[in-house]
Amino acid sequence: MPNAVSTGRDRERQVRRLFSEIAPRYDLLNHLLSLNVDRWWRRVAVDRLGSFDRGREARVLDACAGTLDLGLELAGRKGFRGNVVAVDFAYPMLAEGMRKVDGRSVHPVCGDGLRLPFPDAVFDGAVVGFGVRNLSDMDRGFRELSRVLRPGGRLVILEFTTPPGRLMKRLYLFYFHHILPLVGRWTSGHEWAYTYLPESVKEYPQPVEVARRLGEAGFEGVSWSYLTGGITALHLARRAG
Ligand SMILES: C[S@@+](CC[C@H](N)C(=O)[O-])C[C@H]1O[C@@H](n2cnc3c(N)ncnc32)[C@H](O)[C@@H]1O
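Residues numbered from 1 in each chain as written. Predicted model: local features only at pLDDT ≥ 70, side-chain atom pairs only at ≥ 80, totals over all residues. Heavy atoms only, no water.

Novice: Residue-level account of the site of the ligand, with values.
Specialist: Within the structure, the ligand sits among 19 residues, and Tyr26, Cys64, Asp88, Gly113 and Gly129 are positioned closest to it. Backbone polar atom of Gly113 to a nitrogen atom of the ligand: 2.7 Å apart, as the coordinates give it. Taking Gly129, its main chain carries an N or O atom lying 2.8 Å from a nitrogen atom of the ligand. Taken by itself the ligand offers 590 Å² of open surface, and the protein chains cover 98% of this. Comparing atom positions with the cavity grids shows the ligand to sit within the largest pocket. (Near = heavy atom within 4 Å. Polar contact = N/O pair within 3.5 Å; in protein donor to acceptor, adjacent residues only side chain to side chain. Areas by Shrake-Rupley, 256 points an atom, 1.4 Å probe, with all protein chains shown as cover. 1 Å grid on protein atoms, 1.4 Å probe; cavity = no way out; pocket = protein on both sides within 12 Å on 5 of 7 lines; lining within 4 Å. Sits in = over half its atoms within 2 Å of the grid points.)

Pasting the structure below:
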């Protein structure tokens, strides 16, 4: 694996390979490295997505679904009627997630977030958890999400970001550059994965820029907020039209 984050098809190949390789340890590392706060972040993301028309079954897309935690959080909610379609291009991640489905209406699909295998305007809502940062072309990913959502359909994006406050930023960068790669390497045996993570977060645009680009991709009513001192950002948007 290379040391730097590459672009285009190379990046797609690297990212797919990376997640395929760390899949068996992904959940454990996620909870360990975030001190379990990731579970709360996903709960907040699903809260923000809001409820759907009770009169019919909702169709919700979980893009870059990984081991399905976000989709399962939604499908497990009391009062949720419908189906979650969970797309990821790393099959081993989906396979890990399938062990946890336990009768909930989450349907994994192995596919590319930049070329979603669905017709236009079929989803009532969409969620992406820690996924857009990994896309080799984020704007194309946003346009695809906009294409498959029906007008008025809601989108929630949860993503790591660089905290705005000076102290938090220093603590965070120290953790990300020194502790996380060490623990990640020990537990996953994967040299590149936990060096790639801080690099990709550093590259991820500031929330205001992400909001602007969502607007350009066909979303309106875009808002965002920081969680946990700005370690993560949560964007909420509506498909225009
Ligand atoms: C950090 S994981 C997040 C998984 C999950 N959403 C969560 O909340 O833990 C990022 C996921 O995005 C997937 N991914 C990255 N680029 C993708 C693409 N172009 N198409 C589909 N999945 C992609 C990876 O395979 C990986 O499973």
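Novice: Which residues make up the packing of helix α6 (residues 166-188) against helix α7 (residues 193-203), and what values go with them?
Specialist: It is at 7 Å that the axes of α6 and α7 come closest, and there the two elements cross at 150°. It follows from the interaxial angle that α6 and α7 lie roughly antiparallel. Judged by the twist between their axes, the crossing of α6 over α7 is right-handed. Each of Tyr172, Phe176, His177, Leu180, Pro181, Gly184, Arg185 and Ser188 in α6 lies in contact with α7, whose residues at this interface are Tyr194, Leu197, Pro198, Glu199 and Val201. Of the residues that constitute the contact of α6 with α7, the class distribution is 8 nonpolar, 3 polar and 2 charged. (Axes fitted to C-alpha atoms, helices over the stretch in contact; angles between N-to-C directions. Helix = DSSP H or I, 4+ residues; strand = E, 2+ residues; numbered from the N terminus. Parallel < 35°, antiparallel > 145°, perpendicular 65-115°, else oblique. Left-handed = near helix turned anticlockwise from the far one by under 90°. Contact = heavy atoms within 4.5 Å. Nonpolar A, V, L, I, M, F, W, Y, C, P; charged D, E, K, R; others polar.)

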